[in-house]
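Geometric and topological summary
What follows is the residue order along each chain.
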Amino acid sequence: MKKLIAAFAAVAAFSAHAETLTVAATPVPHAEILEFVKPALAKEGVDLKVKVFTDYIQPNVQVAEKRLDANFFQHQPYLDEFNKAKGTSLVAVTGVHLEPLGAYSSKLKDLKDLPSGANVVIPNDATNGGRALLLLAKAGVITLKDPTNILSTVKDIATNPKDLKIRELEAATIPRVLTQVDLALINTNYALEAKLDPSKDALVIEGNDSPYVNILVSRADNKDSDAMKKLAAALHSPEVKKFITEKYKGAVLPAF
């Protein structure tokens, strides 16, 4: 009985003194990584609450409006474009991991078999759309006017030898149309949710030199809070590196 009372007292003490940190995240791998660090943060007095989203807009909007403390789902080029387009001033706290973007097909086994006039879908947001086009250019499927422009659009395609029909769709919906198109450029978090194995199923995938490291994002007014610093440190721990390496087997790569 004394042990039970002590346990309740410990919980009450933690609740009274813990600082709550609410972080938005897409389900895989972001929310999974955050859930993994929860116990370590609890020991440091931080009550981490993870709010799962399946889109790339609301996590930023709600952090900017101070409805949430931070988010974990995006890379720096996307954040820069979002801030510019929406007039927000969200900031990066730290980089955590890389999710290589890949090209997938339910009809083809090799990218060289892509037929003339093939239907191809890419993400419709500026940074991931440009990223997809850069990957296609690197694979030799198309050429771009400026092969270094991460914000390239379909209007920036210089040559399209196979007359590919490239359409833009919201990133989260692309896995759902995989069987209806010839090629789909899919972000790794959505590929994993769709039970695809990027290391095996992608016909072509970004290498380790990709600049698209996924980052923890907050506002300038809470970036340096004690709780945020503890979260950033936890996300850079050897335990998290091991978790990412073993769970995702190369589909997600630690960036620290």
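Reading the values: the criteria
- Residues numbered from 1 in each chain as written.
- Predicted model: local features only at pLDDT ≥ 70, side-chain atom pairs only at ≥ 80, totals over all residues.
- Heavy atoms only, no water.
- Pairing = 2+ DSSP bridges.
- Helix = DSSP H or I, 4+ residues; strand = E, 2+ residues; numbered from the N terminus.
- Contact = heavy atoms within 4.5 Å.
- Axes fitted to C-alpha atoms, helices over the stretch in contact; angles between N-to-C directions.
- Buried < 20%, exposed > 50% of the residue type's maximum accessible area, 1.4 Å probe, protein only.
- Right-handed = clockwise from strand over helix to strand, strands pointing away.

For the rest of this paragraph, the subject is the sheet that holds strand 9 (residues 165–169). Taken in spatial order, the 5 strands of this open sheet run 9-6-10-5-11, and their pairing is mixed. Only two strands of the sheet have a single neighbouring strand rather than two, namely strand 9 and strand 11 (204–205). Across the sheet, helix 5 (residues 126–138) touches strand 5 (102–104), strand 6 (119–123), strand 9, strand 10 (183–186) and strand 11, and the angle it forms with strand 6 is around 135 degrees.

Before going further, it helps to examine the pairing of strand 1 (residues 19–25). Of all 7 residues in strand 1, 5 are buried, a share of seventy percent or more. Bridging between strand 1 and strand 2 (residues 46–52) involves 7 bridges; their strand directions are parallel. Looking at strand 2, one finds that A25 is bridged to V52. Crossover connection from strand 1 via helix 2 (residues 27–43) to parallel strand 2: handedness right-handed. Pairing of strand 1 with strand 3 (residues 70–75) involves 3 bridges; the strand directions are parallel. Along strand 3, the bridge assignment pairs A24 with N71.

Right, let's talk about the environment of G129 for a bit. Its location among the elements puts G129 in helix 5. Contacts of G129, omitting those with residues within four sequence positions, involve I122, P123 and S152.

We now examine the sheet that holds strand 13 (residues 253–254). Read from one edge to the other, the open sheet built from 6 strands follows the order 2-1-3-12-4-13, with strand pairing classed as mixed. The open sheet has two free edges, formed respectively by strand 2 and strand 13, since each of these has just one partner strand. Sheet topology places strand 4 (residues 91–98) next to strand 12 (residues 213–218); 6 bridges connect them, and they run antiparallel. Paired with T94 across the bridge in strand 12 is L216.

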